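Structural overview for review
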Amino acid sequence: MGAVLELVAPVTAHHAFNAEFDANRPVKFRGPVTKMEWINPHAWIHIDVTDADGKVTNWMVECGSPNIMLRRGFTKESLMPGTELEVQGYQAKNGTYRANGSSVMFKDGKKLFVGGSNPDIPGDLK
């Protein structure tokens, strides 16, 4: 019996950045991580953001794939609940509390690029 080899073309992003997020609506916020989801095709960071009036809103931050996140230095233990982050990214076009993440900065000043498809992707990561 012969073996069957199936070749699959690499898959790029399942949607274009511009389909869901607005490059003209940059966001920057900080707060504690409430959950990290290591799911395909995108990892998600959930963060509680407190506004000037004390209202807490949970933001969902879309990141690159789990594989991309691992290659950039993240592990499943990097973003445990309670980890304080400052996030930069772009808000969803529909105005919900969802953002395509560009970078996150930890309290110690360490900054990591988390995006997979936004306009801020550094040249060495393209």
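Scroll up a little and you will see the structure.
Quantities reported herein were computed from a predicted structural model and do not represent experimental measurements. (Residues numbered from 1 in each chain as written. Predicted model: local features only at pLDDT ≥ 70, side-chain atom pairs only at ≥ 80, totals over all residues. Heavy atoms only, no water.)

Concerning the packing of aromatic side chains
Under the criterion given, the structure shown has two aromatic pairs. Between the aromatic rings of Trp 59 and Tyr 97, the centroid separation amounts to 5.3 Å while the plane-to-plane angle is 70 degrees, which identifies the pairing as edge-to-face. Here Trp 59 is found in strand E3 (residues 56-62), whereas its partner Tyr 97 is found in the loop between strand E4 (84-92) and strand E5 (98-106), with 38 residues between them in sequence. Given a relative accessible area of 8%, Trp 59 falls into the buried group. Tyr 97 sits in the partly exposed class, given a relative accessible area of 39%. Pairwise contacts between aromatic rings join Phe 29, Trp 59 and Tyr 97 into one cluster. (Phe/Tyr/Trp six-rings, centres within 6.5 Å; stacked < 30°, edge-to-face > 60°. Helix = DSSP H or I, 4+ residues; strand = E, 2+ residues; numbered from the N terminus. Buried < 20%, exposed > 50% of the residue type's maximum accessible area, 1.4 Å probe, protein only.)

Here's the deal with the nonpolar core
Counting residues in each nonpolar core, the largest one holds 22 residues, and the members touching the most others are Ile 45, Ile 47, Phe 74, Leu 85 and Val 104. At the level of secondary structure, the elements contributing two or more residues to this core comprise strand E1 (21-37), strand E2 (44-50), E3, E4 and E5. Broken down by element, the residue count for this core peaks at four residues, all from E1. Ignoring sequence-local partners within four residues, the contact set of Ile 47 consists of Phe 29, Arg 30, Gly 31, Pro 32, Val 33, Thr 34, Thr 57, Asn 58, Trp 59, Val 61, Leu 85 and Val 87. (Core = buried A, V, L, I, M, F, W, Y, C linked by side-chain atoms within 4.5 Å. Contact = heavy atoms within 4.5 Å.)

Some thoughts on the pattern of salt bridges
Evaluation of the coordinates by the stated rule reveals three salt bridges. With a closest N to O distance of 3.7 Å, Lys 28 and Glu 86 form a salt bridge. Of the two residues, Lys 28 is situated in strand E1 and Glu 86 in strand E4; the sequence distance between them amounts to 58 residues. The exposed category is assigned to Lys 28, whose relative accessible area is 55%. (Salt bridge = Lys/Arg side-chain N within 4 Å of Asp/Glu carboxyl O.)

Topic: the environment of Glu 37
Mapped onto the secondary structure, Glu 37 falls in strand E1. On the accessibility criterion, Glu 37 (22% relative accessible area) is partly exposed. Residues Glu 37 and Glu 62, 25 residues apart in the sequence, show an inter-C-alpha distance of 9.8 Å. Those residues in contact with Glu 37, other than ones at most four positions away along the chain, are His 42, Ala 43, Trp 44 and His 46.

A closer look at the environment of Gly 64
Its place among the elements puts Gly 64 in the loop between E3 and helix H2 (66-71). Judged by relative accessible area, which is 2%, Gly 64 ranks as buried. In this structure, the C-alpha to C-alpha distance between Gly 64 and Pro 41, residues 23 residues apart in sequence, is 7.7 Å.

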